[in-house]
Amino acid sequence: MDSRPLLIVDGANVVGSRPNGWWRDRAGAATRLRDSLAPVVERGVPPELPPPVEVVLVVEGAARDVPGVAGVRTVGAPGSGDDAIVDLVRAAPERRRVVVTADRELRERVGALGAEVHGPRWLRGEGSGG
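These figures come from a predicted structure and were not determined experimentally. (Residues numbered from 1 in each chain as written. Predicted model: local features only at pLDDT ≥ 70, side-chain atom pairs only at ≥ 80, totals over all residues. Heavy atoms only, no water.)

A closer look at helix 5 (residues 104-112)
Residues that lie three or four places apart on an α-helix share one face, since the helix turns once every 3.6 residues. Leu106, Arg107 and Val110 are the residues of helix 5 that are buried. In a view along the axis of helix 5, the buried residues occupy a sector of 105°, so they form one face of it. Opposite its buried face, helix 5 presents the exposed residues Arg104, Glu105, Glu108 and Ala112, each directed more than 90 degrees away. Buried residues belonging to helix 5 abut strand 1 (6-10), helix 4 (81-90), strand 4 (97-100) and strand 5 (116-118). N-cap assignment for helix 5: the residue whose side-chain oxygen lies 3.0 Å from the backbone N of Glu105 is Asp103. Directly after helix 5, the chain includes Gly114, whose backbone phi takes a positive value near 95°. (Buried < 20%, exposed > 50% of the residue type's maximum accessible area, 1.4 Å probe, protein only. Helix = DSSP H or I, 4+ residues; strand = E, 2+ residues; numbered from the N terminus. Arc of directions from axis to C-beta. Contact = heavy atoms within 4.5 Å. Polar contact = N/O pair within 3.5 Å; in protein donor to acceptor, adjacent residues only side chain to side chain.)

Printed below as a string of structure tokens:
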């Protein structure tokens, strides 16, 4: 059994939380997010999430084919990214699961399964955002 915390990032929601032109290149924005997550594996998200961490980025739509890189696994949702995130949380009941999203309905769904939830600002180190 893997004892590392499982950090699941709602790619579309986190990318969409900043009005920086992401809508012109969704795959490029998801790629940049993926790359920014790589240090989290060894650094964690202090102080709440100490390392090492397993990082999973859930991508959908035009970003669905963004590949993973060392330390960051990507899951291309064939349908709803929210459903894929719920499935990941449900598949690891014995682990600490931390989901990053600002989506209220998703927060409720994964919270009901015992996952911790934080907003995009938390991941960027800008406060709890939760």
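Alright, that's what it looks like, and here's the rest.
Here we look at the environment of Val89
When you line up the elements, Val89 lands in helix 4. For Val89, a relative accessible area of 0% corresponds to the buried category. Put simply, Val89 and Gly114 are 25 residues apart on the chain and 8.4 Å apart in space, counted from C-alpha to C-alpha. Every residue in contact with Val89, bar those within four places of it in the chain, is listed here: Ile8, Arg97, Val99, Val110, Leu113 and Ala115.

Points about the pairing of strand 1
The buried fraction of strand 1 amounts to five of the five residues, a majority that puts the element mostly inside the structure. Because side chains alternate across strand 1, one face comprises the buried residues Leu6, Ile8 and Asp10, and the other comprises Leu7 and Val9, equally buried. Of the pairings in the sheet, the one linking strand 1 to strand 2 (residues 54-59) comprises five bridges and is parallel in character. Each residue of the ladder has a partner; that of Ile8, found in strand 2, is Val56. Here four bridges tie strand 1 to strand 4, and the two strands are oriented parallel to one another. Across the sheet, residue Leu6 finds its bridge partner in strand 4, namely Arg97. (Pairing = 2+ DSSP bridges.)

What to know about the packing of helix 4 against helix 5
When two helices pack together, their arrangement is given by the angle between the helix axes and by the axis-to-axis distance. Interhelical geometry of helix 4 versus helix 5 gives an angle of 15° and a closest axis separation of 10 Å. The angle between helix 4 and helix 5 falls in the class roughly parallel. Crossing hand, helix 4 versus helix 5: right-handed. Here Asp82, Asp83, Ile85, Val86 and Val89 of helix 4 lie close against helix 5, whose contacting residues are Leu106, Arg109 and Val110. (Axes fitted to C-alpha atoms, helices over the stretch in contact; angles between N-to-C directions. Parallel < 35°, antiparallel > 145°, perpendicular 65-115°, else oblique. Left-handed = near helix turned anticlockwise from the far one by under 90°.)

Read these as geometric descriptors, not functional statements.
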